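Analysis of the macromolecular model
Take a look at the letters that make up each chain.
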Amino acid sequence: YKSEQFEYLKDLFGVKLVHNPDYLTRNNNASIYVVKDYLKNTYVCSADNYFNSNPFEEYVESSYYSAIYGEGETKEWCLTYDQDDYITDVKVGGSNSWFMLGHTFWDENFSKEFVRILEEIYDDEKTYDLLWESIYMEHMDTLKMKIRKYDYDVIFEFDTLGELRVFHQSYINDTCSAILKD
């Protein structure tokens, strides 16, 4: 888009772009850190996700992490949850399990508590490589989040161009990106 078109869309949809100066030296916890003052009732999304239908709602009751059920063995982050759908444990790898995939919703209380924890540990070198999810896993006693289950064909994650090509054949010969073509 030309800059004036982008400015119009930002105003129309209430988008605010925030620069993350630590993008190259830290994991995604740095992205959360630079937007900490904006977090209230907030969707947190990964750039490598694609949604077949709109998962965003005007009103959400409580914090959640979206999940897809996987049959067989997986190296994904598998969830255990209680009778009220609150996540009680997360383990990397498992089988026949619901696993984290896609967006999350943070209610205002979750956002405040996560930011409080992140501010306490942010300057510690051990946090540089941590995903925000790893910080969440260490503080599940105070960071309450529910599982939000989705059908397997609603949310997709593309870690490689090959995965994107399998999903949509138009990417076999054309990535639709000047950057990737270079």
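Basis of the calculations
Residues numbered from 1 in each chain as written. Predicted model: local features only at pLDDT ≥ 70, side-chain atom pairs only at ≥ 80, totals over all residues. Heavy atoms only, no water. Helix = DSSP H or I, 4+ residues; strand = E, 2+ residues; numbered from the N terminus. Buried < 20%, exposed > 50% of the residue type's maximum accessible area, 1.4 Å probe, protein only. Areas by Shrake-Rupley, 256 points an atom, 1.4 Å probe, with all protein chains shown as cover. Expected span 1.5 Å × (residues − 1). Polar contact = N/O pair within 3.5 Å; in protein donor to acceptor, adjacent residues only side chain to side chain. Contact = heavy atoms within 4.5 Å.

**So, the overall build of the protein**
Looking only at helices and strands, the protein features six helices and six strands. Going residue by residue from the N terminus, the α and β elements of the protein occur as α-α-β-β-β-β-α-α-β-β-α-α. By the burial criterion, 34% of the 182 residues in the protein qualify as buried. Split by element, the accessible area of the protein, about 12200 Å² in all, is 49% carbon and sulfur.

**Some details on unusual backbone geometry**
With a phi angle near 70°, Asp85 is a residue other than glycine that sits in the positive phi range. With respect to the element layout, Asp85 can be found in the loop between strand S3 (64–81) and strand S4 (87–106). The residue Asn96 is not glycine, and still its phi comes out positive at about 45°. Of note, Asn96 is situated in strand S4.

**Some details on helix H3 (residues 108–121)**
The terminal C-alpha atoms of H3, which comprises 14 residues, lie 20 Å apart, in line with the 20 Å expected from a rise of 1.5 Å per residue. Turning to H3, its buried residues number three or more, namely Phe110, Ser111, Glu113, Phe114, Val115, Ile117 and Leu118. At the N-terminal boundary of H3, the capping side chain belongs to Asp107, with an oxygen 3.2 Å from the backbone nitrogen of Asn109.

**Focus on the side chain of Asn20**
Within the secondary structure, Asn20 is located in the loop between helix H1 (3–13) and helix H2 (29–34). On the basis of relative accessible area, Asn20 is assigned to the buried category, the value being 11%. Here Asp22 takes part through its backbone nitrogen, which lies 2.9 Å from a polar atom of the side chain of Asn20. Non-local contacts of Asn20, meaning those with residues more than four positions away in its chain, are made with Ala30, Ser31 and Val34.

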